[in-house]
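# A look at the structure
Now for the letters of each chain:
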Amino acid sequence: MPSDRAAVLFVCLGNICRSPMAEGALRHLAGEAGIALRVDSAGTGDWHVGEPPDRRAQATARRHGVDISGLRGRQVTAADFRRFDHVVALDHANLGNLRALRPADGTARLSLLLDHVAGRAGQAVADPYYGGDAGFETTWAEVTAGAAGLLDLIRRG
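Rules used in this analysis
- Within each chain, residue numbers correspond to sequence positions counted from 1 in written order.
- In view of the model being predicted, local features appear only for residues whose pLDDT reaches at least 70, and side-chain atom pairs are presented and counted only at 80 or more, with totals across whole chains, interfaces and linings using the full set of residues.
- Side-chain metrics rest on all non-hydrogen atoms present in the structure, leaving aside hydrogens and water.
- Geometry is summarised by axes, namely lines fitted to C-alpha atoms with helices restricted to the contacting stretch, and by angles between N-to-C directions that run from 0 to 180 degrees.
- Every helix listed is a DSSP run of H or I at least four residues long, and every strand listed is a run of E at least two residues long, numbered separately from the N terminus.
- Just so you know how the angles are binned, under 35 degrees is roughly parallel, over 145 roughly antiparallel, 65 to 115 roughly perpendicular, and the rest oblique.
- Note: crossing handedness is left-handed where the near helix turns anticlockwise from the far helix by less than a right angle, and right-handed where it turns clockwise.
- Whether two residues are in contact is decided by their heavy atoms, any of which lying within 4.5 Å being enough.
- Three exposure classes are used, based on accessible area relative to the maximum for each residue type with a 1.4 Å probe and protein chains only: buried under 20%, partly exposed in between, and exposed over 50%.
- By the convention used here, strands pair only if DSSP detects at least 2 bridges between them.
- Throughout, right-handed denotes a crossover for which the path from the first strand over the helix to the second runs clockwise when the strands point away from the viewer.
- The criterion for a disulfide is a pair of cysteine sulfur atoms lying within 2.5 Å.

## Points about the packing of helix 2 (residues 55-63) against helix 5 (residues 133-156)
Close contact between helix 2 and helix 5 brings their axes to 10 Å; oriented N to C, the two are set at 55°. Here helix 2 lies oblique to helix 5, going by the angle between them. Note on packing geometry: the crossing formed by helix 2 with helix 5 is right-handed. Every residue of helix 5 that contacts helix 2 at R56, A57, T60, A61 and R63 is listed here: D133, F136, E137 and W140.

Here it is in structure tokens:
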């Protein structure tokens with residue numbers, strides 16, 4: 001999928017909470033800044049392929065003016081490491097899985113999302129799945145901060 005636009009893939013375990021929230025946050029911030037990006041999200045697991053984001057993730061994003069209801073879960077593929085410039089994991093387990101899945105010819109830069117936030121390098125984004133609404137707000141704040149930092153990196157080239 002050649003393009004002159006930077007391309008970012010966010011990856012969590014099931015692709016129904018953190019990674020679609022990150023996708024929505026980056027799309028929103030890039031749109032506000034007038035920066036054209038290709039943004040997607042995926043999971044390392046296949047449990048939620050074809051499903052929309054968790055209703056709590058959708059509600060949280062909607063409260064912040066972002067609609068992620070049209071997104072659908074998918075599983076990361078080897079081709080993603082060639083299609084995207086940045087493959088961004090939401091936690092250490094998924095980063096490890098991505099390193100194992102990355103083909104020899106994969107060119108994407110791997111990172112944790114919070115590596116792009118001053119003082120948060122090496123930290124994982126909170127997984128809100130088993131908690132309440134407050135956890136989704138915490139996750140939204142973290143993915144938004146990470147998306148903003150990643151957008152700054154992309155702007156700088």
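After that view of the structure, there is still more to cover.
## Details of the pairing of strand 2 (residues 37-43)
The buried fraction of strand 2 is high, at 6 of 7 residues. Alignment of strand 1 (residues 6-12) against strand 2, held across 7 bridges, turns out to be parallel. Within strand 2, the position partnered with A6 by the bridge is L37. The handedness of the strand 1 to strand 2 crossover, carried by helix 1 (residues 18-33), is right-handed.

## A word on the pairing of strand 3 (residues 86-89)
Burial along strand 3 is two-sided: the residues H86 and V88 and V87 and A89 are all buried. When strand 1 meets strand 3, the two strands line up parallel, connected through 4 bridges. Across the sheet, the residue bridging to V8 is H86, located in strand 3. Relative to strand 4 (residues 109-112), strand 3 is paired through 4 bridges, and the arrangement is parallel.

## Considering the state of the cysteines
Counted according to the given criterion, the structure contains 0 disulfides. With no disulfide of its own, C12 lies closest to C17 among cysteine sulfurs, the gap being 6.9 Å. Of the residues examined, C12 reaches a relative accessible area of 3% and is grouped as buried. Under the relative-accessibility criterion, C17 is labelled buried at 5%.

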